Amino acid sequence: MAAIVLPAIVATAGVGVLAAVLLGTHRAIQPVLILLALGSYFASGGFVPVSGLPPLARAVNTWWPPSYVFEWANPLLHGFTSRPSAAVVAAAVVAAALAVILAAVATQRANRRKVTHGQ
């Protein structure tokens, strides 16, 4: 489980940092992002498998990354398999690395911008 979930958590954190950097006034949109993240959990198969979701949610889940994490983790959680495939672990690790790299680059660029204080 950790081989899938830990890289997914790192990837999600990287996406969060990237969103905060790109949206300079992220405090104003933060509640909306939190609600979208919660909705994403339910719509991605957090409680119900993707195959049991309504047609619109299934259509969105073909390209929505969190749904793949749940689809990969559910067989492990329910004991249908004992270990994830190497391709699944590699995909999760690559997603985590990409998210962290993009977040780091965006943060470095944001820190180099000249900031003028005052009105």
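Structure shown above.
Residues numbered from 1 in each chain as written. Predicted model: local features only at pLDDT ≥ 70, side-chain atom pairs only at ≥ 80, totals over all residues. Heavy atoms only, no water.

Draft legend 1. Highlighting the overall build of the chain. Looking only at helices and strands, the chain features 5 helices and 0 strands. Traced from its N-terminal end to its C-terminal end, the chain shows the element sequence α-α-α-α-α. In terms of overall dimensions, the chain is more spread out than a globule: its C-alpha atoms have a radius of gyration of 17 Å, far above the 14 Å expected for 119 residues. With respect to the three principal axes, the spread of C-alpha positions in the chain is 60 × 30 × 20 Å. Taking all 119 residues of the chain together, 21% fall into the buried category. Sequence-distant contacts in the chain: of pairs separated by 6 or more residues, those separated by 24 or more amount to 57%. Carbon and sulfur atoms make up 71% of the accessible area of the chain, which totals about 8,500 Å². (Helix = DSSP H or I, 4+ residues; strand = E, 2+ residues; numbered from the N terminus. Rg over C-alpha atoms; globule rule 2.2 N^0.38 Å. Buried < 20%, exposed > 50% of the residue type's maximum accessible area, 1.4 Å probe, protein only. Contact = heavy atoms within 4.5 Å. Areas by Shrake-Rupley, 256 points an atom, 1.4 Å probe, with all protein chains shown as cover.)

Draft legend 2. Layout of helix 1 (residues 2-22). Along its 21 residues, helix 1 runs 30 Å from first to last C-alpha, staying within 8% of the 30 Å computed at 1.5 Å per residue. Among the residues making up helix 1, those that are buried are I4, P7, A8, A11, G14 and V21. Buried residues of helix 1 fall within an arc of 145° about the axis and therefore sit on the same side. Facing away from the buried surface of helix 1 by more than 90 degrees, the exposed residues are L6 and T12. Contact partners of the buried residues in helix 1: helix 4 (65-77) and helix 5 (86-112). (Expected span 1.5 Å × (residues − 1). Arc of directions from axis to C-beta.)

Draft legend 3. Broad picture of the packing of aromatic side chains. Under the definition given, this model contains 6 aromatic pairs. Ring centres 5.5 Å apart and planes at 80° place the aromatic pair Y41 and F42 in the edge-to-face group. Residue classification places F42 among the partly exposed positions, given a relative accessible area of 48%. Both rings, one in W63 and one in W64, keep their centres 5.6 Å apart while their planes meet at 85°; by these two values the pair is edge-to-face. Residue W64 is classed as partly exposed on the basis of its relative accessible area of 32%. Chaining the aromatic ring pairs together yields one cluster made of Y41, F42, F47 and F70. (Phe/Tyr/Trp six-rings, centres within 6.5 Å; stacked < 30°, edge-to-face > 60°.)

Draft legend 4. Local environment of the side chain of S40. Note on placement: S40 falls in helix 2 (residues 26-43). For S40, the side chain forms a polar contact with the side chain of W64, separated by 2.6 Å. Those residues within four positions of S40 in sequence are excluded, and the remaining contacts are W64 and P66. (Polar contact = N/O pair within 3.5 Å; in protein donor to acceptor, adjacent residues only side chain to side chain.)

Draft legend 5. Structural context of the packing of helix 1 against helix 5. Where helix 1 contacts helix 5, the two axes come as close as 8 Å, and the packing angle between them is 25°. In this view, helix 1 runs roughly parallel relative to helix 5, as classed from their interaxial angle. Like other packed secondary-structure pairs, helix 1 and helix 5 cross with a definite hand, here left-handed. Each residue belonging to the contact of helix 1 with helix 5 can be placed in one class, and the counts come to 21 nonpolar, 2 polar and no charged. (Axes fitted to C-alpha atoms, helices over the stretch in contact; angles between N-to-C directions. Parallel < 35°, antiparallel > 145°, perpendicular 65-115°, else oblique. Left-handed = near helix turned anticlockwise from the far one by under 90°. Nonpolar A, V, L, I, M, F, W, Y, C, P; charged D, E, K, R; others polar.)

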